[in-house]
Amino acid sequence: MIPLFVHKSPRLLKAFYTPFVWNISTDEDVIYLTFDDGPIPDVTEWVLEQLERFDAKATFFCIGDNVRKYPEIFNQLISAGHSVGNHTNNHLNGWKTDDSRYWENVAECQEVLPVKTNLFRPPYGRIKLSQAKPLLNDYHVVMWEVLTGDFEKYLSPEHCLEKTLKHTRPGSIVVLHDSIKAWRNMSYVLPRFLDHYASLGFRFEALPQQIPVEYKLGEAMKVF
């Protein structure tokens, strides 16, 4: 039996984690694409090419160790006008990690990043409230409204695209992965997603790297 995959973040989850950012409050036709786990050779570079085709900007939540390994690719995405966020240094699962070790790993990633950012996304979306509380003093914890599921091998590319198109709306934060694991599905979804919403007049924007923490407004954030 194929397990159920939740592509849209449930309201109950948003209500429980109200300090986190789930979507952007806007009246405009704009979508916030985000990519996790890079930078990765070939994959991230291909993503950058697709985004350029549609004059699209996105936010890349980078693993610090990958930034250390591939600084040239990281510099490419910065030069292209995209924003970046902290995704820990070693892709730690917060539910399985001691709090102090988790905070240290976040700090290690921040030290590697050559640009300042106060955007943070927990790998797997898994973080203890005890871990999140002090981080919220310095970061926006950015979750998502739509999860493409591109990393799940049991989901077909067509299914990922269908569900992503179904749930995306103005102001949605959408998650894809510039990783080898997600390549099969992501490489199918991304160009078709961009083409679909571009044809409807939507813009694709990056989250600002430095958003004052006082702009936290629960599940919906207003970007000024």
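Rules used throughout
Residues numbered from 1 in each chain as written. Predicted model: local features only at pLDDT ≥ 70, side-chain atom pairs only at ≥ 80, totals over all residues. Heavy atoms only, no water. Axes fitted to C-alpha atoms, helices over the stretch in contact; angles between N-to-C directions. Helix = DSSP H or I, 4+ residues; strand = E, 2+ residues; numbered from the N terminus. Parallel < 35°, antiparallel > 145°, perpendicular 65-115°, else oblique. Contact = heavy atoms within 4.5 Å. Nonpolar A, V, L, I, M, F, W, Y, C, P; charged D, E, K, R; others polar. Polar contact = N/O pair within 3.5 Å; in protein donor to acceptor, adjacent residues only side chain to side chain. Buried < 20%, exposed > 50% of the residue type's maximum accessible area, 1.4 Å probe, protein only. Pairing = 2+ DSSP bridges. Salt bridge = Lys/Arg side-chain N within 4 Å of Asp/Glu carboxyl O. Arc of directions from axis to C-beta. Phe/Tyr/Trp six-rings, centres within 6.5 Å; stacked < 30°, edge-to-face > 60°. Core = buried A, V, L, I, M, F, W, Y, C linked by side-chain atoms within 4.5 Å. Right-handed = clockwise from strand over helix to strand, strands pointing away.

A.B. asks: I tried to follow the packing of helix α2 (residues 43-53) against helix α8 (residues 183-199) on my own but got confused; where do I start?
C.D. replies: Between two packed helices, the angle of one axis relative to the other and the distance separating the axes together describe the packing. The interhelical angle for the contact between α2 and α8, taken along N-to-C directions, is 10 degrees, at an axis separation of 10 Å. The angle between α2 and α8 places the two elements in the roughly parallel class. Along its contact with α2, which presents V43, W46, V47, Q50, L51 and R53, the element α8 presents W183, M186, S187, L190, P191 and L194. A class-by-class count of the residues in the contact of α2 with α8 yields nine nonpolar, two polar and one charged.

A.B. asks: Help me out: how do you make sense of the environment of E205 in this one?
C.D. replies: Structurally, E205 can be placed in the loop between β9 (203-204) and β10 (220-221). Separated by 34 residues in sequence, E205 and G171 place their C-alpha atoms 9.8 Å apart. Setting aside its immediate chain neighbours within four residues, E205 contacts V30, I31, Y32, L33, K57 and A58. Among the polar contacts listed, one links the side chain of E205 to the side chain of R203, at a separation of 2.5 Å.

A.B. asks: Can you walk me through the pairing of strand β4 (residues 83-86) in this structure?
C.D. replies: Remember that side chains alternate between the two faces of the sheet whenever the strand is regular. Here β4 shows a buried face lined by S83 and G85 and a second buried face lined by V84 and N86. With four bridges connecting them, strand β3 (residues 59-62) and β4 associate as parallel partners. Paired with C62 across the strands is N86, a residue of β4.

A.B. asks: Explanation requested: the pattern of salt bridges in the structure shown.
C.D. replies: Oppositely charged side chains may form a pair once their charged atoms are brought near each other. Scanning the entire structure with this criterion turns up nine salt bridges. Close ionic contact of E108 with R101 constitutes a salt bridge, the shortest N to O distance being 3.3 Å. Judged by its relative accessible area of 28%, E108 falls in the partly exposed class. Given a relative accessible area of 32%, R101 falls into the partly exposed group. Each of E28, R203 and E205 takes part in a single network of salt bridges with overlapping partners.

A.B. asks: Explanation requested: helix α7 (residues 157-167) in the structure shown.
C.D. replies: Along an α-helix, residues three or four apart share an orientation, since each turn contains 3.6 residues. For α7, every residue scored as buried is listed here: P157, C160, L161 and T164. For α7, the angular spread of the buried residues around the axis is 95 degrees, confining them to a single face. Turned more than 90 degrees away from the buried face of α7 sit E162 and K166, all of them exposed.

A.B. asks: Teacher, can you tell me more about the packing of aromatic side chains here?
C.D. replies: Given two aromatic rings, one states the distance between the centres and the angle between the planes to describe the pair. Counted by the stated rule, this structure contains eight aromatic pairs. Ring centres of W46 and W183 lie 5.0 Å apart, and the angle between their planes is 75 degrees; this geometry places the pair in the edge-to-face category. On the criterion of sequence distance, the pair formed by W46 in helix α2 and W183 in helix α8 is long-range, its members being 137 residues apart. Residue class for W183 comes out partly exposed when judged on its relative accessible area of 34%. One aromatic cluster is present, built from ring pairs that chain together F193, Y197, F202 and F204.

A.B. asks: Could you clarify how one ought to interpret the nonpolar core in this entry?
C.D. replies: Inside soluble globular proteins, nonpolar side chains tend to come together where they are buried. L33, F35, L51, F60, L190 and F193 are the most contacted members of the largest nonpolar core, which has 63 residues in total. Take this core: its biggest share by element is six residues, from α8. Setting aside residues up to four positions removed in sequence, F193 forms contacts with I31, L33, L161, T164, L165, T168, V174 and F204.

A.B. asks: Help me out: how do you make sense of the pairing of β3 in this one?
C.D. replies: Burial along β3 is two-sided: T59 and F61 facing one way and F60 and C62 facing the other are all buried. Pairing between strand β2 (residues 30-36) and β3: three bridges, direction parallel. By the bridge assignment, D36 is partnered in β3 with F61. The parallel pair β2 and β3, bridged by α2, forms a crossover whose chirality is right-handed.

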